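Fold and contact review
If you want the building blocks of each chain, they are given just below.
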Amino acid sequence: MRGIKRLIKTALVAAGCVLVFLSCAGAEEKGFSDVKGSDWYYDTVMEMSDKGVLSGYSDGSFRPDANITAAEYISVLCRLKGLSPTQAQSGHWAAPLLQTALDKGWYDYDENPPTGEKFDLPIERQLAVKILIKAFAGDGLSYDYNTESAKIKDFDMLSGRYYDTVLFAYKDGLVEGDSDGRFRPAGYLTRAEACTLIKKACDKYNSDTGDTETAPMTPVTPYDKPAQTPAPISGGISRNGALKVIGTSLCGEDGTPVVLKGISTHGLQWFPNFTSKEYIKAAADRGANVIRFAMYTEEGGYIQSPSVKNTLVSGVDNALACDMYAIIDWHILSDGNPMTHINEAKDFFAEMAEKYKDAKGVIYEICNEPNGSVSWSEDIKPYAEEIISVIRAYDGDGVILVGSPTWSQDIDKAAADRIAAENIMYTCHFYAGTHTDWLRDRIKTAVGSGLPVFISEWGVSDASGSGGVFEEETKKWLDFMNENGLSRCSWSYCDKNESSALLMSGSDPSDGLSDSELSAAGKIVFDDMQ
Ligand code: DCB
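Below is a summary of the structure that appears in this document. Keep in mind that what you see is a predicted model, and the values were worked out from it rather than measured.

**Concerning the overall build of the protein chain**
Secondary structure assignment for the protein chain yields 18 helices and 11 strands. Expressed as a percentage of its 530 residues, the buried residues of the protein chain come to 58%. Partitioning the intrachain contacts of the protein chain with sequence separation of at least 6 by distance along the chain shows that 74% fall at a separation of at least 24. Put simply, the protein chain shows about 20600 Å² of open surface, and 50% of that area lies on carbon and sulfur atoms.

In structure tokens:
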């Protein structure tokens, strides 16, 4: 019977029927009891099993219609890419290989913890595609956001963290929607579908054996515009005093336009040490005059762990002591509708506004990046109006920043339906590897129509926070921001192992930021502050 020999050979034994994965090929017997020549996946399943990429169960079946589990799917890809197992936390048969995949950054801890609790659950389609793309295409994915997202009927169901890999997979033709054009991001994959998906990637990237990394597909865009002289850094709180918004400009207390150039922390729940006075001073010494404190609401942030507020407060106090403006960022992200936690937000901003009403350096950012099925006029604007009135009850004139749909890119929607309040600005966020001319054009139009814009988060990477560094596109953006006097904070002041991080892993800037501690991103960002 098909599979029995292989089962013994590979010694992957468990009670009952076991899916067998092989690292070396050799088609011996043909056929699975439940895969017929007339099945749409017949050729693919046979080809993949002949190549030894995957095999069936010990009872001779392939179970094409069963959902593939995380362990099955990921270990197939690991073998295909020739990864070796590493020491694992769990005793699960797939744990050593999955540990390697985790270490390689194919997926994040929370998506499939090494403790194994999700190993035998069906893998979500969006995660499966992400892992496939990470395995075959690496980082630095290029695609056109508008073209690809338009192909997906249920795009608003796609979680933001899968955005770049899934859109890239659409661009490369690895994924097509179902007959209704839906991707069903949180749905599962059958084993036949997984087999087809993996085969498409093998064909596309021409690597069906255990080869190593493929070159990152970094877009090369010609850029011949001469470098602009950077706008001068405008000094800190002691020089500019309390900020106010005049027309489209952010201005100091005396009405002179100022440009804030600085940094955003990563999630405070993960990088609390970056709120220390020493770390903040290190950034100030490199020229930053603003720091944004990204207090995530989800992903282990404020809603689950309210004490992260204390981390934020100590960061804000330290920034003020370093003469830096401080942005209090209510960092919504995985739940893209600010209305979900409006009550918590009201309490939080009431407390912050009361505490900082007399501080000249505090800026409130009330919703980082709305996304998914959220409407400017129906959700964000009413949310903002409520929060602004809460803040204004204590702090009559502190600057307030407001986000917009599509991760704070839809400032055109805000421009068309503005909030009636003083001293507010609208945020626009960009990532150089993802957002290009079209977003600069949108900002230009919005500012031209009188909208005050603040870039409270931007990165040299793609929209996932990794990929790149996209130097050419970053340069275009820096020129653009300097020409237009836009204030900005770069994502992110941390040492996470991702290309948007400004510091090299393991950096300790408590005694100042040395050149060798700056990542490629950090060099670009801090150079712009000189
Ligand atoms: C924003 C978020 C920010 C996120 C960065 C990069 O999200 F405001 O929280 O940071 O941009 O994606 C990333 C970190 C990762 C972390 C991840 C989840 O760098 O280390 O694992 O957050 O906490 C954006 C911005 C734009 C778009 C999508 C996202 N976009 N997004 O245009 O599609 O999905 O997170």
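**Let's talk about the site of the ligand**
Lining the immediate surroundings of the ligand are 22 residues, of which Gly160, Tyr296, Ala463, Lys496 and Glu498 lie closest. Between the ligand and the protein, one listed contact pairs an oxygen atom with a backbone N or O atom of glycine 160 at 2.7 Å. Between the ligand and arginine 161 there is a distance of 3.5 Å, counted from an oxygen atom to a backbone nitrogen or oxygen. The protein chains hide 94% of the 640 Å² of surface that the ligand would expose on its own. When its residues are assigned to classes, the shell around the ligand shows eight nonpolar, eight polar and six charged.

**Points about the packing of aromatic side chains**
As enumerated under the stated definition, the model contains 25 aromatic pairs in all. Members of the aromatic cluster, joined through ring pairs, are Tyr143, Tyr145, Phe155, Tyr163, Trp407 and Trp438. The ring of phenylalanine 136 has lysine 81 sitting right over it, with the charged end atom 4.5 Å from the ring centre. The lysine or arginine in question, arginine 191, covers the ring of phenylalanine 62, its NZ or CZ lying 4.4 Å from the ring centre.

**Some thoughts on the packing of helix H16 (residues 437-448) against helix H17 (residues 471-483)**
Where H16 meets H17, the closest approach of the two axes is 11 Å, and the angle between their N-to-C directions is 10°. Overall, the two elements H16 and H17 adopt an arrangement that is roughly parallel. Contacts between H16 and H17 involve Leu439, Arg440, Ile443 and Lys444 from the first element and Glu473, Lys476, Trp477 and Phe480 from the second. Split into classes, the residues belonging to the contact of H16 with H17 amount to four nonpolar, no polar and four charged.

**Looking at the pairing of strand E8 (residues 424-427)**
Of the two faces of E8, the one carrying Ile424 and Tyr426 and the one carrying Met425 and Thr427 are both buried. With three bridges connecting them, strand E7 (residues 400-402) and E8 associate as parallel partners. Residue pairing across strands places valine 402 opposite tyrosine 426, the latter belonging to E8. Note: E8 against strand E10 (residues 453-459), two bridges, orientation parallel. The residue of E10 that forms the bridge with threonine 427 is phenylalanine 454.

**Quick notes on the pairing of strand E5 (residues 325-331)**
A regular strand carries its side chains on alternate faces of the sheet. Within E5, seven of the seven residues are buried, which leaves it mostly tucked inside the rest of the structure. With burial as the criterion, each face of E5 is covered, one bearing Tyr325, Ile327, Asp329 and His331 and the other bearing Ala326, Ile328 and Trp330. The pairing of strand E4 (residues 290-296) with E5 spans seven bridges and is classified as parallel. If you follow methionine 295 over to E5, its bridge partner there is tryptophan 330. Since E4 and E5 lie parallel, the crossover through helix H11 (residues 308-321) that links them has a hand, and here it is right-handed. Pairing of E5 with strand E6 (residues 362-365) involves four bridges; the strand directions are parallel. Bridge pairing in E6 places alanine 326 opposite valine 362. Handedness of the E5-helix H12 (residues 342-356)-E6 crossover: right-handed.

**What about the nonpolar core?**
Counting 144 residues, the largest nonpolar core has Tyr73, Phe349, Ile366 and Tyr493 as the members making the most contacts within it. Examining the composition of this core, we find that nine residues originate from one element, helix H5 (residues 125-137), more than from any other. The contacts of isoleucine 366, once residues within four sequence positions are left out, are Trp330, Phe349, Tyr383, Ala384, Ile387, Ile388, Ile391, Ile400, Leu401 and Val402. In terms of nonpolar packing, the next biggest core, distinct from the first, is built from 15 residues, Leu243, Leu250, Leu260 and Ile327 among them.

**Some points on unusual backbone geometry**
Of the consecutive residues glycine 468 and valine 469, the connecting peptide bond is found in the cis state with omega at 20°. Within the secondary structure layout, valine 469 lies in the loop between E10 and H17. At the junction of tryptophan 491 and serine 492, the peptide bond is cis and its omega measures out at -5° in the coordinates. With respect to the helices and strands, the residue serine 492 is situated in strand E11 (residues 488-493).

**Brief notes about the environment of asparagine 484**
Here asparagine 484 is to be found in the loop between H17 and E11. Sequence-wise, asparagine 484 and valine 259 are 225 residues apart; in three dimensions their C-alpha atoms are separated by 9.7 Å. At a separation of 2.8 Å, a polar atom in the side chain of asparagine 484 contacts the main-chain carbonyl oxygen of phenylalanine 480.

**Things to note about the side chain of arginine 488**
Mapped onto the elements, arginine 488 comes out in strand E11. Of note is the side chain of arginine 488, whose polar atom sits 2.7 Å from the side chain of asparagine 482. Excluding its chain neighbours within four sequence positions, the residues that come into contact with arginine 488 are Val259, Leu260, Lys261, Gly262, Val290, Phe454, Ile455, Trp458, Leu478, Met481, Asn482 and Asp528.

**Some remarks on the side chain of threonine 44**
Along the chain, the position of threonine 44 falls in helix H2 (residues 42-50). Overall, the relative accessible area of 12% leaves threonine 44 in the buried class. When neighbours within four sequence positions are excluded, threonine 44 is seen to be in contact with Cys195, Thr196 and Lys199.

**Description of the pattern of salt bridges**
Applying the stated criterion to the full structure yields 34 salt bridges. One salt bridge in this structure joins glutamate 253 and lysine 360, with 3.3 Å as the shortest N-O distance. Taken together, the positions of glutamate 253 in the loop between strand E2 (249-251) and strand E3 (261-265) and lysine 360 in the loop between H12 and E6 put the pair 107 residues apart, joining distant regions of the chain. Residue classification places glutamate 253 among the partly exposed positions, given a relative accessible area of 39%. Taking the shortest distance from any N to any O, the salt bridge between arginine 442 and aspartate 412 comes out at 3.8 Å. Here arginine 442, found in helix H16, pairs with aspartate 412, found in helix H15 (residues 411-416); they are 30 residues apart in sequence, far enough to count as distant. Look at arginine 442 and you get partly exposed, because its relative accessible area is 21%. Owing to a relative accessible area of 35%, aspartate 412 belongs among the partly exposed residues under this scheme. In this structure, a network of salt bridges that share partners links the residues Asp108, Asp110, Glu111, Lys130 and Arg161.

The rules we used
- Residues numbered from 1 in each chain as written.
- Predicted model: local features only at pLDDT ≥ 70, side-chain atom pairs only at ≥ 80, totals over all residues.
- Heavy atoms only, no water.
- Helix = DSSP H or I, 4+ residues; strand = E, 2+ residues; numbered from the N terminus.
- Buried < 20%, exposed > 50% of the residue type's maximum accessible area, 1.4 Å probe, protein only.
- Contact = heavy atoms within 4.5 Å.
- Areas by Shrake-Rupley, 256 points an atom, 1.4 Å probe, with all protein chains shown as cover.
- Near = heavy atom within 4 Å.
- Polar contact = N/O pair within 3.5 Å; in protein donor to acceptor, adjacent residues only side chain to side chain.
- Nonpolar A, V, L, I, M, F, W, Y, C, P; charged D, E, K, R; others polar.
- Phe/Tyr/Trp six-rings, centres within 6.5 Å; stacked < 30°, edge-to-face > 60°.
- Lys NZ or Arg CZ within 6 Å of the ring centre and 35° of its normal.
- Axes fitted to C-alpha atoms, helices over the stretch in contact; angles between N-to-C directions.
- Parallel < 35°, antiparallel > 145°, perpendicular 65-115°, else oblique.
- Pairing = 2+ DSSP bridges.
- Right-handed = clockwise from strand over helix to strand, strands pointing away.
- Core = buried A, V, L, I, M, F, W, Y, C linked by side-chain atoms within 4.5 Å.
- Salt bridge = Lys/Arg side-chain N within 4 Å of Asp/Glu carboxyl O.

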